[in-house]
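# Notes for the structure review
Letter by letter, the chains look like this.
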Amino acid sequence: MVVKVGVAKLGNIASGVMAELLLDERADREDMQTFMATSGTKLEPADVDRVVSNLKAYKPDFCIVVSPNGVLPGPTGAREQLAAAGIPVVIITDDVTTKKEWEGVKASKFGYIIMKADSMIGARREFLDPVEMADYNSNLVKVLALTGAFRKMQLALDKVIDQVKAGKKGDAIELPKLIMTTDKAVDGEFNNPYALAKARAAHEIAMAVAGQNVKGCFMTKEWEKYIPIVASAHEMMKVAAQLCDQARELEKAGDSIKRQPHKKDGTLVSKNKLVAKFE
């Protein structure tokens, strides 16, 4: 059986850059295929409608809707339209757990993965140009990858694929309800305790970046004050990425990097030594 996975990318968060790639890292899985539709950078109703109509036409077994601030009208409308078409939906978004609107989602039939370290960018025109945007996202992707957050997201989505392969459909599929804290991200990822400490620090710093960028983008009006705030947030993310590099080098030094690739049938294999066969 080939599982059809639809991916709706509405706007941008770092998790969306890698969502479908994490499920088929060498593009050789034979048990699944993905179709991605995107609204581009914006979340306007017309863009969202275009994404939803394309995904409905694809007729996926389930959909991933990835966006910043999953309680906004665009992402909310997308998941509700897909669900109304009988398509199970997993929401991937940044940290919106403090918003009252999110309580209804958590109590609903939707699955969700809240990536708490996938922090908003410092989107002030006086600071953010295309190069700065790309540099920030490269650092954030590294943090989410090397702390273990991406792996936990991938494993949660793989479990949904496995259920469809086992014959489950619609409401019978158990969807993930995952809030990616630091402890969940780093769990089982590191053998060296100093590497673990550095990865924990990186994830905590990345989560704290959001607070600084919210302050700089929405709470501070004077340009001479908000420019240093958003710049400092980007410096924090750079340091978090550097800590992740240091953690991975420590794991390399002990020849203990955890590798879990997919086989062609979707099975995960594992090893912790570079020159070794998979278990």
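For the structure itself, look to the data block above.
Criteria and thresholds
Residues numbered from 1 in each chain as written. Predicted model: local features only at pLDDT ≥ 70, side-chain atom pairs only at ≥ 80, totals over all residues. Heavy atoms only, no water. Buried < 20%, exposed > 50% of the residue type's maximum accessible area, 1.4 Å probe, protein only. Helix = DSSP H or I, 4+ residues; strand = E, 2+ residues; numbered from the N terminus. Pairing = 2+ DSSP bridges. Right-handed = clockwise from strand over helix to strand, strands pointing away. Patch = residues over 30% accessible without salt bridge, like charges linked within 9 Å, V, L, I, M, F, W, Y side chains within 5 Å. Areas by Shrake-Rupley, 256 points an atom, 1.4 Å probe, with all protein chains shown as cover. Salt bridge = Lys/Arg side-chain N within 4 Å of Asp/Glu carboxyl O. Axes fitted to C-alpha atoms, helices over the stretch in contact; angles between N-to-C directions. Contact = heavy atoms within 4.5 Å.

The next subject is the pairing of strand 3 (residues 62-66). Most of strand 3 is tucked away: five of the five residues are buried. A two-sided burial pattern is seen for strand 3, the buried positions comprising Phe62, Ile64 and Val66 on one face and Cys63 and Val65 on the other. Where strand 1 (residues 3-9) meets strand 3, five bridges bridge the pair, whose relative direction is parallel. Along strand 3, the bridge assignment pairs Lys9 with Val66. Sheet topology places strand 3 next to strand 4 (residues 89-93); four bridges connect them, and they run parallel. Of the residues in strand 4, the one forming a bridge with Val65 is Ile91. Regarding the hand of the β-α-β motif, the stretch spanning strand 3, helix 3 (residues 73-84) and strand 4 is right-handed.

On the surface, Val214, Phe218 and Met219 cluster together to form a nonpolar patch covering roughly 320 Å² of accessible area. Looking at the element boundaries, Met219 is found in helix 8 (residues 193-219). When its relative accessible area of 61% is taken as the criterion, Met219 is described as exposed.

Summed over the entire model, instances satisfying the criterion amount to 14 salt bridges. The partner of Glu25 in a salt bridge is Arg26, and the shortest N-O contact between them spans 3.2 Å. Given a relative accessible area of 39%, Glu25 falls into the partly exposed group. Arg26 is paired through a salt bridge with Asp28; the nearest N and O atoms lie 3.5 Å apart.

Let us now look at the sheet that holds strand 4. Across a sheet, paired strands are connected by hydrogen bonds in the backbone, their directions being either parallel or antiparallel. Strands sit in the order 2-1-3-4-5-6 across an open sheet of six strands; the sheet is parallel. The open sheet has two edge strands with one neighbour each: strand 2 (32-38) and strand 6 (177-180). Pairwise comparison of adjacent strand axes, ignoring direction, gives a mean angle of 15° for this sheet. Relative to strand 5 (residues 111-115), strand 4 is paired through four bridges, and the arrangement is parallel. Bridge pairing in strand 5 places Val90 opposite Gly111. Relative to strand 2, helix 2 (residues 45-58) is tilted by about 160°, and along the sheet it contacts strand 1, strand 2 and strand 3.

These results come straight from atomic positions and should not be treated as a statement about function.
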